[in-house]
Amino acid sequence: MDSVNLGRKTKFIADGWGTRHTLTLMGFFGFVLAYSMRFNLSLAIVEMVDQPHVLITNLKSKTAANASSILSQDLEVCPHHIEVLRHGSSSVNSSELLSGNVRAPRSADGEQMNWRRFGEKRFHWTEEEQGEILGSFFWGYIFTQYPGGKLAHVYGAKWIFSVGLLITGALSSALPFVTVHWGKNGILTLRVIMGLAEGVMFPAMHVMLAHWAPPDERSRMTNLIFSGIPLGSALTMVTGGYLIHYLGWPSLFYTVGVCTLVWFILWSFLVYSQPSEHPRISENELQAIEGSLQGQTNKEHIPTPWRAVFTSMPVIAIFVIHVGHTWGHYLLHTEVPKYLHSVHGFKIEHNGWFSALPQLLNFMVCIVMSHLSDFLIVQNLTSILFTRKMCATLAVWGSAAAFLGIIFTGCNTLLAVICLNITGGVMGAGFGAWIVNNIDIAPNHCGPIMGVANSLSNCLGFIAPRHSSGGKLCSSSQL
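Residues numbered from 1 in each chain as written. Predicted model: local features only at pLDDT ≥ 70, side-chain atom pairs only at ≥ 80, totals over all residues. Heavy atoms only, no water.

**Looking at the packing of helix α8 (residues 145-155) against helix α10 (residues 201-212)**
Using the following cut-off: In this analysis, axes come from line fits to C-alpha atoms, helices being fitted only over the stretch in contact, and the angle between any two N-to-C directions falls in the range 0 to 180 degrees. Each helix is a run of DSSP H or I of at least 4 residues and each strand a run of E of at least 2, with the numbering of both proceeding from the N terminus. Here the angle decides the label: under 35 degrees means roughly parallel, over 145 means roughly antiparallel, 65 to 115 means roughly perpendicular, and every other value means oblique. The sense of a crossing depends on the near helix, which, turned anticlockwise from the far helix by less than a right angle, makes the crossing left-handed and, turned clockwise, makes it right-handed. Contacts were defined at the residue level, with two residues in contact if any of their heavy atoms lie within 4.5 Å. When residues are grouped by polarity, Ala, Val, Leu, Ile, Met, Phe, Trp, Tyr, Cys and Pro land in nonpolar, Asp, Glu, Lys and Arg in charged, and all others, Gly among them, in polar.
Look at α8 against α10: their axes get within 7 Å of each other, and the N-to-C directions meet at 30°. Considering their axes alone, α8 and α10 lie roughly parallel with respect to each other. Judged by the sense of rotation from one axis to the other, the crossing of α8 with α10 is right-handed. Of the residues in α10, those touching α8 at Q145, G148, G149, A152 and H153 are F202, P203, A204 and V207. Considered class by class, the residues forming the contact of α8 with α10 number 5 nonpolar, 4 polar and no charged.

Given below as structure tokens:
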């Protein structure tokens, strides 16, 4: 488990576009699709739920005489959002809200909105049930992390990674049908299975990078591939808002399912588990990659030394920081659309843009830090250890400060959005820290180590939504 001296420079004689670049590009799009399917429900659920019904049910459970006070205090909704909850109609008063006598929402021309486009249906899920549904993906996700890493080491990462994504895409396409016909139990079951399928992807990709990423390109390749995570979330928030607005919420799940099938076909022909298996790799590139990794990776399966793993302070440090970062990561991905809609009153087509901004900044910071990290290491300006710690400090402490800022801004929408964007941006530095550090310290065991770390940290994936549902992400003296 001793750290490998990765500071030596690798001189590549392969010019132009290489097979490792194709792997990077296809891995990038793989994570774009994976995280789109993981978090598209966070946006869609805003329209899947019959919000007037849920609001009325909550109001009826309160005994305060003033409906506005109930909305702003007990339901933790900002005062300026009350009119949005009234569907923009000045004719809806407090007594109507409390009695349940609320008309169906109307469009700008006064016509009733069509609630059943393309098989669309709305559900009467409470805030607690919505949190349970959002978190159900991770019930399955945490159980296939270690098996995914182990299987990738033994049988090759190409098919472990791609089949996991293909199954997730097929189930995403089936989600509207299952939900409409079997309701809450149906979507819970489907999301658990989707989590099981997608859980193998992260550790499998680490195994591929251990065989494909030269030390001098490791930060760039890792960050570029995993930058698909924030970009996938951002694209879902932006395009998803319009898909839902014009075609209904089922269209969001059908679209990403079809895109996944196209990706799988391309991946099958273009990517291989190891450089030596690729039939079209140039001799120069093959020698350069394998020469740079000489003595670091082994093509044969090596049993994982678990005693050494769990007594290694670098590994324990990776586990701790991974868990802490993931809590904020899932709050940002899972709860932001509901937070902006429920607390600040953002409409679905606008919600997508503002929910996407933190992810776009995350993507840009990820790209910048990937090149900066490799530059600092190759030029011997900083050590690998210092570079990884620098990225970790920026990602963890920076996002923690910004989250606190969201709490203290309360109902100041402008400041809240600014803090959200800072949070998303600085988190992008994390991919140049503990994510790539697994490969630095143990390239032959990075799959199982990442599997264990991801299992521990992703337990928070189903805890975070249940304890921060809707407006409860926001706190202020005004609420």
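**Thoughts on the environment of M364**
For clarity, the cut-off: Only protein chains enter the accessibility calculation, which uses a 1.4 Å probe; a residue whose area is less than 20% of its type maximum is buried, one above 50% is exposed, and one in between is partly exposed.
By secondary structure assignment, the location of M364 is in helix α17 (residues 348-378). When its relative accessible area of 45% is taken as the criterion, M364 is described as partly exposed.

**Looking at the pattern of salt bridges**
The condition is simple: By definition, a salt bridge exists where a carboxyl oxygen of Asp or Glu is found within 4 Å of a side-chain nitrogen of Lys or Arg.
Using the criterion set out here, one finds 5 salt bridges in the structure. When the shortest N-O distance is used, the salt bridge between R38 and E198 registers 3.0 Å. Here R38 is found in helix α1 (residues 19-48), whereas its partner E198 is found in helix α9 (residues 157-198), with 160 residues between them in sequence. The closest approach of N and O atoms between K184 and E132, which form a salt bridge, is 3.2 Å.

**Quick look at the packing of aromatic side chains**
Rule in force here: In this scheme Phe, Tyr and Trp rings, the latter by its six-membered ring, pair at centre separations within 6.5 Å, and the angle between planes marks the pair as stacked below 30 degrees, edge-to-face above 60, and tilted otherwise. Two conditions define a charge located above a ring, namely a distance within 6 Å from the ring centre to NZ of Lys or CZ of Arg, and an angle within 35 degrees of the ring normal.
Under the criterion given, the structure shown has 21 aromatic pairs. With a centroid separation of 5.7 Å and 65° between ring planes, the pair formed by F31 and F202 is classed as edge-to-face. One end of the pair, F31, is in helix α1; the other, F202, is in helix α10, with 171 residues separating them in the sequence. Owing to a relative accessible area of 2%, F31 belongs among the buried residues under this scheme. With a relative accessible area of 4%, F202 lands in the buried category. Residues F138 and Y141 carry aromatic rings whose centres are separated by 6.0 Å and whose planes lie at 85° to one another, so their mutual orientation is edge-to-face. Highlighted residues: F138 and Y141, both in helix α7 (residues 137-141), separated by 3 residues, approximately one helical turn. On the basis of relative accessible area, F138 is assigned to the buried category, the value being 1%. Through a chain of ring-to-ring contacts, the aromatic side chains of F31, F161, F202, F226, W263 and W267 assemble into a single cluster. The side chain of R38 reaches across the aromatic face of Y35, ending 4.0 Å from its centre. Directly above the ring of Y272 sits K158, whose terminal nitrogen or CZ lies 4.1 Å from the centroid.

**Details of helix α20 (residues 434-441)**
Here α20 lies mainly inside the structure; 8 of its 8 residues are buried. Restricting attention to buried positions, one finds in α20 the residues W434, I435, V436, N437, N438, I439, D440 and I441.

**Brief notes about the nonpolar core**
Nonpolar side chains tend to gather and get buried jointly when the protein is soluble and globular. Stated formally: Nonpolar cores were defined as sets of buried Ala, Val, Leu, Ile, Met, Phe, Trp, Tyr and Cys residues, with membership established by side-chain atoms within 4.5 Å.
Counting 88 residues, the largest nonpolar core has F31, F202, M205, F226 and W267 as its most contacted members. Per element, the largest residue contribution to this core is 13 residues, and it comes from α1. Setting aside anything within four residues of it in sequence, one finds M205 in contact with G27, F31, F161, I225, F226 and W267. L331, C419, L420 and M427 belong to the second largest nonpolar core, which has 7 residues in total.

**Re the packing of α9 against α10**
Following both chains from N to C, one finds α9 and α10 inclined at 170°, their axes separated by 9 Å at the closest point. As judged from the angle between their axes, α9 and α10 are roughly antiparallel. When α9 is examined against α10, the residues A157, K158, I160, F161, L165 and E198 are found in contact with a partner set consisting of M201, A204, M205, V207 and M208. Residues of the contact of α9 with α10, tallied by class, amount to 9 nonpolar, no polar and 2 charged.

Such coordinate-based values are descriptive only and should not be taken to indicate function.
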